[in-house]
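Structural description and commentary
Okay, here's what each chain looks like letter by letter:
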Amino acid sequence: MPAAKRNRRSGGRRYLASCTSGIEPLVGPLLPRVLPGARLRHVEPGYVLFDYTGAEAKLVTVALFNNLFRLLHEGRAMPFERLVEEVGRRRPQHGRVTGSFRLRFQREGRLERVAPETMARAERIVAEATGARPDRVNPDTEFWYITRRSGTAWYGRRLERQRLTERELEPGELRPELAWLLVALARPRAGEVLLDPFAGSGAIGRAAADFAFKRMYLSDIDAGHVRGWPREVRFVGMVADARRLEALADGSVDAIVTDPPWGLFETIDVAELYRDFVAEAGRVLRDRGRLIVLSGAREDWQRAAEAGGFQITGRWDILVNGRQAAIFACMKG
Ligand SMILES: C[S@@+](CC[C@H](N)C(=O)[O-])C[C@H]1O[C@@H](n2cnc3c(N)ncnc32)[C@H](O)[C@@H]1O
């Protein structure tokens, strides 16, 4: 059934969100928590589809997603010129557009140029449906055609969100969506104490500010990072070696969420660092305390965690800036 018709029937709308490839299995369980009432419909690498009846203003604040689209058409993948014709025939509801718009064509995650006549036809479809004018340089709204090797094609209106571009991130800084996901996996609760002992620029701390907890310690061996960390009273910043967290008492932490060095740029023995850090994490965490780790040195981490008495309760292999990495959920004891 066309997206627009189904939406009218259910009283809601269907949305398409792109996300870090590999985290899709986590989105299903998290979605009802972050967007009550949302219903997951389809998942494929890098994308999730869901129905949602609530306000779009709430939707755009969900930190889990990268790009977010209100879906106007779902169909079979085909060359873009035919897809544009199909959309033209089906006349989806584009919604109100104030100002200008632009079209984007994406195949398998990459933007593509299309023939000038296909672009012109796609622009005419939007202009006739909305009265808005095309602006290929500085538009107010974007409509995207997306096709996938899985055989799916989507056409949707991109919802405007405040997202940092790669250039706005500090070198090595985690994307906020990924930092938020790591914190969500730790399931922080009011009254709990959290720790990120490899805090770097503080992305995990900033993401944690969205959650309930009593205190979060952020620490890093490099004093240069401290000034960028959250200033809220719940955060305590320290310059410390993650292998010797002397300021923290035994069993005083409920959950550690962290992104330690991966051994890519540093001249360190990552296996040794992980082994020593796991021993210290085992000391500061309470029994059954949670340890959520993102690492590109996946086997080194897994070996260190298991040898250090942690149970691996989940592992999700993902791509971070094109590099293979994994999120590990571990539990002490
Ligand atoms: C992968 S980066 C963390 C990036 C961080 N998640 C962010 O978004 O900016 C690893 C961090 O570990 C720190 N580090 C390296 N060895 C350390 C050690 N032994 N103890 C504490 N921090 C260490 C580095 O200074 C670096 O900031």
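Each domain of the chain was delimited in the assignment, giving domain 1 (3-158) and domain 2 (168-332). When each unit is reduced to the centre of its C-alpha atoms, the spacing between domain 1 and domain 2 is 34 Å. Both faces considered, domain 1 and domain 2 share a buried interface measuring about 1,100 Å² in area, 72% of it formed by carbon and sulfur atoms. Three residues, Leu26, Arg33 and Ala63, lead the burial of domain 1 against domain 2; their summed loss comes to 39% of the area buried on that side. There are zero salt bridges connecting domain 1 and domain 2. Among the residues forming the side of domain 1 that touches domain 2, the class breakdown is eight nonpolar, four polar and one charged.

So, on to the side chain of glutamate 192. Along the chain, the position of glutamate 192 falls in the loop between helix H6 (176-186) and strand S10 (193-196). Relative accessible area serves as the criterion here: at 7%, glutamate 192 is assigned to the buried category. Each residue touching glutamate 192, except ones within four places of it in the same chain, is listed here: Arg187, Phe213, Lys214, Arg215, Asp254, Arg286 and Arg290.

Attention shifts here to the pattern of salt bridges. Taken as a whole and judged by the stated rule, the model has 30 salt bridges. The closest approach of N and O atoms between arginine 283 and aspartate 250, which form a salt bridge, is 2.6 Å. With arginine 283 in helix H8 (residues 270-284) and aspartate 250 in the loop between strand S12 (235-239) and strand S13 (253-258), the pair connects residues that are 33 residues apart, well separated along the chain. Here arginine 283 falls in the partly exposed class, since its relative accessible area comes to 26%. For aspartate 250, a relative accessible area of 59% translates into the label exposed. Salt bridges sharing partners connect three or more residues here, namely Arg189, Glu192, Asp254, Arg286 and Arg290.

Let us look at the site of the ligand. The immediate surroundings of the ligand are formed by 21 residues, with Leu174, Ser201, Asp220, Ala242 and Asp259 found nearest. At a separation of 3.3 Å, an oxygen atom of the ligand approaches a polar side-chain atom of histidine 225. Taken by itself the ligand offers 610 Å² of open surface, and the protein chains cover 86% of this. Residue classes in the shell around the ligand are distributed as 11 nonpolar, four polar and six charged.

As a further point, take the nonpolar core. Core analysis: the biggest nonpolar cluster contains 82 residues, and Phe50, Leu64, Phe65, Leu291, Leu294, Trp301 and Ile327 have the highest contact counts within it. Ranked by residues supplied to this core, first place goes to H6 with nine residues. Each of domain 1 (3-158) and domain 2 (168-332) gives at least three residues to this core. Apart from the residues within four sequence positions on either side, leucine 291 is in contact with Ile256, Phe277, Ala281, Leu285, Trp301, Phe310, Phe328, Ala329 and Cys330. In terms of nonpolar packing, the next biggest core, distinct from the first, is built from 19 residues, Leu72, Met78, Val97 and Ile125 among them.

Glancing now at the packing of aromatic side chains. Per the counting criterion, the structure on display carries 15 aromatic pairs. Taken together, a centroid distance of 6.3 Å and an interplanar angle of 75° make the contact between phenylalanine 101 and phenylalanine 143 edge-to-face. Of this pair, phenylalanine 101 sits in strand S5 (residues 100-107) while phenylalanine 143 sits in strand S8 (residues 141-147), placing them 42 residues apart in sequence. Residues phenylalanine 101 and phenylalanine 143 agree in their burial class; the two are buried.

So, how was this worked out
- Residues numbered from 1 in each chain as written.
- Predicted model: local features only at pLDDT ≥ 70, side-chain atom pairs only at ≥ 80, totals over all residues.
- Heavy atoms only, no water.
- Domains from an automatic or database assignment.
- Buried area = accessible area lost by both parts, 1.4 Å probe.
- Salt bridge = Lys/Arg side-chain N within 4 Å of Asp/Glu carboxyl O.
- Nonpolar A, V, L, I, M, F, W, Y, C, P; charged D, E, K, R; others polar.
- Helix = DSSP H or I, 4+ residues; strand = E, 2+ residues; numbered from the N terminus.
- Buried < 20%, exposed > 50% of the residue type's maximum accessible area, 1.4 Å probe, protein only.
- Contact = heavy atoms within 4.5 Å.
- Near = heavy atom within 4 Å.
- Polar contact = N/O pair within 3.5 Å; in protein donor to acceptor, adjacent residues only side chain to side chain.
- Areas by Shrake-Rupley, 256 points an atom, 1.4 Å probe, with all protein chains shown as cover.
- Core = buried A, V, L, I, M, F, W, Y, C linked by side-chain atoms within 4.5 Å.
- Phe/Tyr/Trp six-rings, centres within 6.5 Å; stacked < 30°, edge-to-face > 60°.

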